[in-house]
Amino acid sequence: MKLIFEKSVAGRRGVTLPRPDVPKRAIIDGKYTRKDAAPLPEVSELDVVRHFTNLSRRNFSVDTNFYPLGSCTMKYNPKFTEAIAGFPGFTELHPLTSHLGQAAMLVQGALEVLYYIEQLLAEITGMKEMTTEPLAGAHGELTGIMLIAAYHRDKGNKKRFVIVPDSSHGTNPATAAIAGYEIISVPTGKNGCMDMESYKAKLGKEVAAVMLTCPNTLGIFNTDIKEVAELAHRYDALMYYDGANLNAMLGKCRPGDVGFDVVHLNLHKTFSTPHGGGGPGAGPVGVSGKLVDYLPVPKVVRNDNGTYALSEKKPKSIGRIAPFYGNFAVLLKAYAYIMLLGREGLITASERAVLNANYCLAKLKDVYELPFERTCMHEFVISASRQLKHGIRAIDIAKFLIDRDIHPPTVYFPLIVKEALMVEPTETETKETLDRFVEVMREAAKLAEDDPEILKNAPTNMPVSRLDEARAARELNCSHI
Ligand SMILES: *Cc1c(COP(=O)(O)O)cnc(C)c1O
């Protein structure tokens, strides 16, 4: 191994890279060339630095503020994992190296990390094998549904439908539709879970898959899971687990053990890699034995002599769904996070996430409507419907939180709850932070009764107040900020 390395470094030193031919005068048609100087602003470096520094200080982020954005899991991302992902031994690798036969010996460390992150995630989810290729949660969903479609094609099954509960994340029906299936939506029952009678009535032999999020987007664990899976399997419909938020499940319940055939994970939610404006994501997918043959290539394999390589040997594979093997630096951060916490640490993280959510819920349910009176998992949904009689909506409460330096929770989702406020405190917050959040939420409820104008005018301490969000997205104009 050492020899190969030395040879390649020596070879590299001796090489002179060819220079591209640069034409002396580029020939561009006169009608495209500018006649007057461009109206560029003349500003000093200092002014530019101040402009961008001040803009950056207006960012809301987990590092600056409490960020209970339900379903999005804005937990703290330890700097330790960033440091690991920044090791030159990783950042200076070229992804093509691993495809160059013998040169795979130069990237053994990276391949080993990929191999182990797959093993760890398979162990955590109870699945047989994983792929780390998908680049986001929705991309993982598409991969998973493509695997299911490949399975049915291979078996000659005629399938048309995917069953999705009406509380699901919007990406679930969107994914199934993009993969060519028609959607059957099942309503939520009184207990906050998919209504079983309706489910049974809609299940049939043309159903390709049942996509479930558990705990669902109401923060409720579906205790019917095993029965749902058993019924689906009778029709050879496969069970899809949306594991974007596994925060209540780590070490407690494994999708593979309760009958799921596919699971995608959002490393950027559960496994603490930055997201939103903070970085790209990763949506690894795990499968049960039924689907192993269809997994994407390349696949990291361990040879008999203990070395690692990328293998393309999967004749039934759905092929490549991303360049190389996914967002390597994100996988690396998640690997470092899992190794940092260890088995007990992951279990504690889940327990605290659930405890923190239930703590906030218990302190708020006398002032906000609780659509489903149940113990919550890592997040909960309350409604501002009681505040409506004072003319106050969920959006007003959300905007008021900004004035109190708290990022708003997710609002108006899930769609089945009127005036929904979806709160996910995460495990990384202290009791003091949670108490302050509760205090501000209670203050908002009181203001709704006593002085609703304050809520309607919020936020007042931001550079801009209420935006027409749809128009702002279409006609973005940052010049007055
Ligand atoms: C965030 C989320 C997704 C989508 O993940 P992306 O990485 O944003 O594509 C899917 N399902 C659930 C339940 C989610 O919370």
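Throughout, residues of each chain are indexed from 1 in the direction in which the sequence is written. Given that the model is predicted, a residue must reach a pLDDT of at least 70 before its local features are reported, and side-chain atom pairs must reach 80 or more before they are shown or counted; all residues, however, enter totals for whole chains, interfaces and linings. Hydrogens are left out, water is left out, and the side-chain values use all remaining heavy atoms of the structure.

Quick notes on a nonpolar patch on the surface
Let me state the cut-off plainly: Within the patch definition used here, like charges are joined within 9 Å and nonpolar side chains (Val, Leu, Ile, Met, Phe, Trp, Tyr) within 5 Å, considering only residues with over 30% relative accessible area and no salt bridge. Here, Shrake-Rupley sampling with a 1.4 Å probe gives the accessible areas, and only protein chains in the shown set may cover a residue. Every case where a carboxyl oxygen of Asp or Glu lies within 4 Å of a side-chain nitrogen of Lys or Arg is listed as a salt bridge. Only protein chains enter the accessibility calculation, which uses a 1.4 Å probe. A residue is then buried if its area is under 20% of the maximum for its type, exposed if over 50%, and partly exposed in between.
Taken together, the side chains of V43, V48, F52 and L55 define a hydrophobic patch exposed on the protein surface, amounting to about 340 Å² of accessible area. The exposed category is assigned to F52, whose relative accessible area is 53%.

What about the site of the ligand?
Where we set the bar: Think of it this way: one heavy atom of a residue within 4 Å of a molecule or strand is enough to make that residue near it. Side-chain atoms alone can form a polar contact between residues adjacent in sequence; in general such a contact is a pair of N or O atoms within 3.5 Å, and within protein one must be able to donate a hydrogen while the other accepts it. Runs of H or I in DSSP of at least four residues are treated as helices and runs of E of at least two as strands, each being numbered from the N terminus. Side-chain classes follow a simple rule in which Ala, Val, Leu, Ile, Met, Phe, Trp, Tyr, Cys and Pro form the nonpolar group, Asp, Glu, Lys and Arg form the charged group, and the remainder, Gly included, forms the polar group.
Surveying the vicinity of the ligand reveals 14 residues, the closest of which are S71, A138, D242, H268 and K269. In this structure, an oxygen atom belonging to the ligand sits 2.8 Å away from a main-chain N or O atom of A138. In this structure, H268 approaches the ligand through a side-chain N or O atom, which is 2.7 Å from an oxygen atom. Contact with the protein chains covers 85% of the free accessible surface of the ligand, which is 380 Å². The element that contributes the greatest number of residues to the shell around the ligand is helix α6 (residues 137–155), accounting for three residues. Taken together, the residues that form the shell around the ligand break down as three nonpolar, eight polar and three charged.

Here we look at the pattern of salt bridges
Applying the stated criterion to the full structure yields 28 salt bridges. The residue E82 makes a salt bridge to K333 at a minimum N-O spacing of 3.4 Å. Linking E82 in helix α3 (residues 79–85) with K333 in helix α10 (residues 328–364), this pair joins segments that are 251 residues apart in sequence. With a relative accessible area of 30%, E82 lands in the partly exposed category. Between K456 and E453 there is a salt bridge whose closest N-O contact spans 3.8 Å. Residue K456 and its partner E453 are located together in helix α13 (residues 452–457), separated by three residues, close to a single helical turn.

Examining the sheet that holds strand β2 (residues 161–165)
Convention followed: For two strands to be treated as a pair, DSSP must find at least two bridges joining them. Lines are fitted to the C-alpha atoms to define the axes, a helix being fitted only along its stretch in contact, and any angle between axes, read from their N-to-C directions, falls within 0 to 180 degrees. Here a residue-residue contact requires only that any non-hydrogen atoms of the pair lie within 4.5 Å.
Strand order across the open sheet formed by seven strands is β1-β7-β6-β5-β4-β2-β3, with mixed pairing between neighbours. Each edge of the sheet is formed by a strand with only one pairing partner; in this case those strands are β1 (129–131) and β3 (182–186). Ignoring strand direction, the axes of neighbouring strands in this sheet form an average angle of 25°. Of the strands in this sheet, β4 (207–213), β5 (238–243), β6 (262–265) and β7 (285–287) are in contact with α6, which crosses β5 at around 170°. Strand contacts of helix α9 (residues 225–234): β4 and β5, with the helix running at about 140° to β5, the strand carrying the most contacts.

Notes on the pairing of β2
Rules: Consider the strands pointing away from the viewer: the crossover is right-handed when the path from the first strand over the helix to the second runs clockwise.
The buried count for β2 comes to five of five residues, which makes it a mostly enclosed element. Here β2 shows a buried face lined by F161, I163 and P165 and a second buried face lined by V162 and V164. For the segment spanning β2, helix α7 (residues 171–178) and β3, crossover handedness is right-handed. Where β2 lies against β4, three bridges are found, and the strand directions are parallel. Within β4, the position partnered with F161 by the bridge is V207.

Section: the confidence of the model for the chain
How we decide: Each residue carries a pLDDT score, the predictor's own confidence in it, on a scale running from 0 to 100.
Summary statistics for the chain give a mean pLDDT of 91 and a share of 92% for residues scoring 70 or more. Confidence drops under pLDDT 50 across residues 1–15; counting only partners more than four residues distant or on other chains, this segment forms seven contacts.

Quick notes on the packing of α6 against α7
Applied cut-off: When describing relative orientation, an angle under 35 degrees is termed roughly parallel and one over 145 degrees roughly antiparallel, while 65 to 115 degrees is termed roughly perpendicular and anything else oblique. The crossing is said to be left-handed when, going from far helix to near helix, the turn is anticlockwise and less than a right angle, and right-handed when the turn is clockwise.
It is the contact of α6 with α7, at a shortest axis distance of 9 Å, that shows an interaxial angle of 45°. On the basis of their axis angle, the class for α6 and α7 is oblique. In the crossing of α6 with α7, the sense of the turn from one axis to the other is right-handed. Here A138, E141, L142 and I145 of α6 come into contact with α7, specifically with T171, N172, T175 and I178. Per-class residue counts for the contact of α6 with α7 are four nonpolar, three polar and one charged.

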